[in-house]
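# Fold and geometry: a report
Letter by letter, the chains look like this.
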Amino acid sequence: MFRVTRRYQFAASHRLYSPRLSEEENLRVYGKCAYPYGHGHNYRVEVSSLGPADARSGRAVDPALLDRLMAEQVLHPLDHRNLNLEVPAFREVVPTSENLGIEICRRLKRGWSAVFPGEWPKLEKIRIEETPRNIFEIRADEIE
Amino acid sequence: MIITRKVEFSASHVCRNPALADEENQRLFGMAANPHGHGHNYVLEVSVEGQPHPVTGMVLDLKELKDLLNREIVEPYDHRFLNREVPPFDHVIPTAENIARDIWQRLEPHLRGLGRRLQLVRLYETPDLYVDYLGE
């Protein structure tokens, strides 16, 4: 069994601000991340899949297929976007990297079987680096 | 406890299955099917699991692991055309998956002989694509 991990990156802006909190509470909870005009990050995303090596190709995952899925589901819709304003999932949900990770995982799961119709490979987890020092990991089986 | 040693080697390879037509190889492997080969700076991380020895305080002397990796992996792999010069890749496609498994098979008996458990072989084909071999 193999775990194949592919790294991607995209740049996006966001603002951490909850309409359910007061102005002061937002500043206390989110600090600079709540400043009104937002700010951005170079996000790095690692996508890990599990599977046995295919007998014909000797590979567990075809990276070109994963790249296509990732481009369609994640990079094209998120890269160089304002997450709060341009990604519907974040109209109501604060685009923390926890929630961004959940959204990316959902998007990959949604498109997975069209690109990988067989039993393998399976999406195992994703890991987001919001900055080189802030890292978030989400297992695919943690979310519906 | 898990300890990890990292080494690098550079090698060339071709990914194509001789049983398949050219077009099918092209579809499966893309540019990696170019019969003349291409190369990578592979980065290998080998992790060994164990408890620190009560006297030395070490799971395994990393110098010993380094020597093992140099002898068993870097020496045969480095600056070679894997398909032509490094068995079993004369008949096994040298994908990152198959290389990781071959590395596991080369190292595991030695580590078992030292009474240590090989925990993980992680092979970076590029900084953006890596494979973990998790055993059969």
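Above this text sits the structure in question.
Every residue gets a number counted from 1 within its own chain, in the order that chain's sequence is written. Whichever chain is written first becomes A and whichever ligand is written first becomes 1, with later ones labelled in order. Given that this is a predicted model, residues contribute local features only at a pLDDT of at least 70 and side-chain atom pairs are listed and counted only at 80 or more, while totals for whole chains, interfaces and linings are drawn from all residues. Remark: hydrogens and water are excluded; side-chain values derive from all non-hydrogen atoms of the structure.

### Here we look at the overall build of chain A
Strands here mean DSSP runs of E at least two residues long; helices mean DSSP runs of H or I at least four residues long; both are numbered from the N terminus. Looking only at helices and strands, chain A features 4 helices and 5 strands. Along the first, second and third principal axes, the C-alpha atoms of chain A reach 60 × 25 × 25 Å. Buried means the residue's accessible area, taken with a 1.4 Å probe over protein chains only, is under 20% of the maximum for its type, while exposed means over 50%, and partly exposed covers the values in between. For chain A, the proportion of its 144 residues judged to be buried stands at 48%. Contact definition: two residues touch when any of their heavy atoms are within 4.5 Å. If you take every contact in chain A between residues at least 6 apart in sequence, the share linking residues at least 24 apart comes to 70%. The accessible surface values rely on the Shrake-Rupley method and a 1.4 Å probe; as for residues, cover is taken only from the protein chains in view. In the form shown here, chain A has an accessible surface area of approximately 7,700 Å², with 50% of it arising from carbon and sulfur atoms. The centroid of the 22 positive side-chain charges in chain A is displaced by 3 Å from the centroid of its 21 negative side-chain charges. Note on charges: Lys and Arg go in the positive column, Asp and Glu in the negative column, and His and the chain ends are not counted at all. By convention, the point assigned to a charge is CZ for Arg, NZ for Lys, CD for Glu and CG for Asp.

### Examining the nonpolar core
Buried residues of nine kinds, namely Ala, Val, Leu, Ile, Met, Phe, Trp, Tyr and Cys, make up a nonpolar core once their side-chain atoms join them within 4.5 Å. Counting 64 residues, the largest nonpolar core has I104 of chain A together with I103 of chain B as the members making the most contacts within it. Among the elements that take part in this core, helix α4 (residues 96–113) of chain B stands out by supplying 7 residues, more than any other. With residues up to four places along the chain from it excluded, the contact list for I104 of chain A reads F10, V45, V74, L78, I126 and I128 of chain A. Counting residues in each nonpolar core, the second largest holds 7 residues, with C15, L20, F29 and I93 of chain B among its members.

### Comments concerning the packing of aromatic side chains
To pair, rings of Phe, Tyr and Trp, with the six-membered ring standing in for Trp, must have centres within 6.5 Å; the planes then decide the type, stacked if under 30 degrees apart, edge-to-face if over 60, and tilted in the middle. Inspection of the entire model under this criterion finds 8 aromatic pairs over all chains. Arranged with centres 6.3 Å apart and planes meeting at 80°, the rings of Y77 of chain B and F89 of chain B form a pair that is edge-to-face. Linking Y77 of chain B in helix α2 (residues 62–77) with F89 of chain B in the loop between α3 (82–85) and α4, this pair joins segments that are 12 residues apart in sequence. F89 of chain B carries the same exposure label as Y77 of chain B, and that label is buried. Ring geometry for Y124 of chain B versus Y130 of chain B: centroids 4.5 Å apart, planes at 35°, classification tilted. When its relative accessible area of 18% is taken as the criterion, Y124 of chain B is described as buried. Grouping aromatic residues by their ring pairs yields a cluster made of F9, Y42, Y77 and F89 of chain B. Two conditions define a charge located above a ring, namely a distance within 6 Å from the ring centre to NZ of Lys or CZ of Arg, and an angle within 35 degrees of the ring normal. Over the face of the ring belonging to Y17 of chain A we find R15 of chain A, whose NZ or CZ atom lies 4.0 Å from the ring centre. Here K122 of chain A stacks its cationic end above the ring of W120 of chain A, 4.6 Å away from the centre of that ring.

### Here's the deal with the pattern of salt bridges
All names here are of chain A. Definition used for salt bridges: Asp or Glu carboxyl oxygen within 4 Å of a side-chain nitrogen of Lys or Arg. What the rule picks out here adds up to 26 salt bridges over all chains. For the salt bridge of E129 with R127, the shortest nitrogen-to-oxygen distance reads 3.1 Å. We classify E129 as buried; its relative accessible area is 11%. In this structure R127 comes out as partly exposed when scored by relative accessible area, which is 24%.

### Quick look at the packing of helix α2 (residues 63–78) of chain A against helix α4 (residues 97–115) of chain A
All names here are of chain A. Where α2 contacts α4, the axes come no closer than 10 Å and their chain directions differ by 135°. The angle between α2 and α4 places the two elements in the oblique class. Helix-helix and strand crossings are classified by hand; for α2 and α4 the assignment is right-handed. Of the residues in α4, those touching α2 at L65, L66, R68, L69, M70, Q73, V74, P77 and L78 are L100, I104, R107, L108, R110, G111, W112 and V115. Here the term charged refers only to Asp, Glu, Lys and Arg, the term nonpolar to Ala, Val, Leu, Ile, Met, Phe, Trp, Tyr, Cys and Pro, and the term polar to all other amino acids, Gly among them. Counted by class, the contact of α2 with α4 contains 12 nonpolar, 2 polar and 3 charged residues. Orientation is described by axes fitted as lines to C-alpha atoms, over the contacting stretch for helices, and by angles from 0 to 180 degrees between their N-to-C directions. For classification purposes, an angle smaller than 35 degrees is called roughly parallel, one larger than 145 roughly antiparallel, one from 65 to 115 roughly perpendicular, and anything else oblique. Less than a right angle of anticlockwise turn of the near helix away from the far helix marks a crossing as left-handed, whereas a clockwise turn marks it as right-handed.

### Some thoughts on the interface of chain A and chain B
Taken together, the contact pairs 18 residues of chain A with 21 residues of chain B. Interface area, chain A with chain B, both sides summed: about 1,800 Å², of which 48% is carbon and sulfur. Accessible area that two parts lose when put together, evaluated with a 1.4 Å probe and summed over both, is termed the buried area. Interface area lost by chain A to chain B is led by F2, R3 and R56 of chain A, which between them contribute 35%. Across the chain A-chain B interface, the total number found is 3 salt bridges. Measuring nitrogen to oxygen at the nearest pair gives 2.9 Å for the salt bridge that ties D132 of chain B to R3 of chain A. Polar contacts, as counted here, are pairs of nitrogen or oxygen atoms within 3.5 Å of one another; within protein the pair requires one atom able to donate a hydrogen and one able to accept it, and residues that are adjacent in sequence qualify only if both atoms are side-chain atoms. Summed over the shared surface of chain A and chain B, the result is 12 residue pairs in polar contact (both at pLDDT 80 or more). Of all the secondary structure elements, the ones that give two or more residues to the side of chain A that touches chain B are β1 (2–14) and β2 (39–51) of chain A. Strand pairing is assigned whenever DSSP detects at least two bridges linking the two strands. Pairing between β1 of chain A and strand β5 (residues 129–133) of chain B: 5 bridges, direction antiparallel. Bridge pairing links V4 of chain A to V131 of chain B in β5 of chain B.

Everything listed here is a matter of geometry and, on its own, says nothing about what the molecule does.
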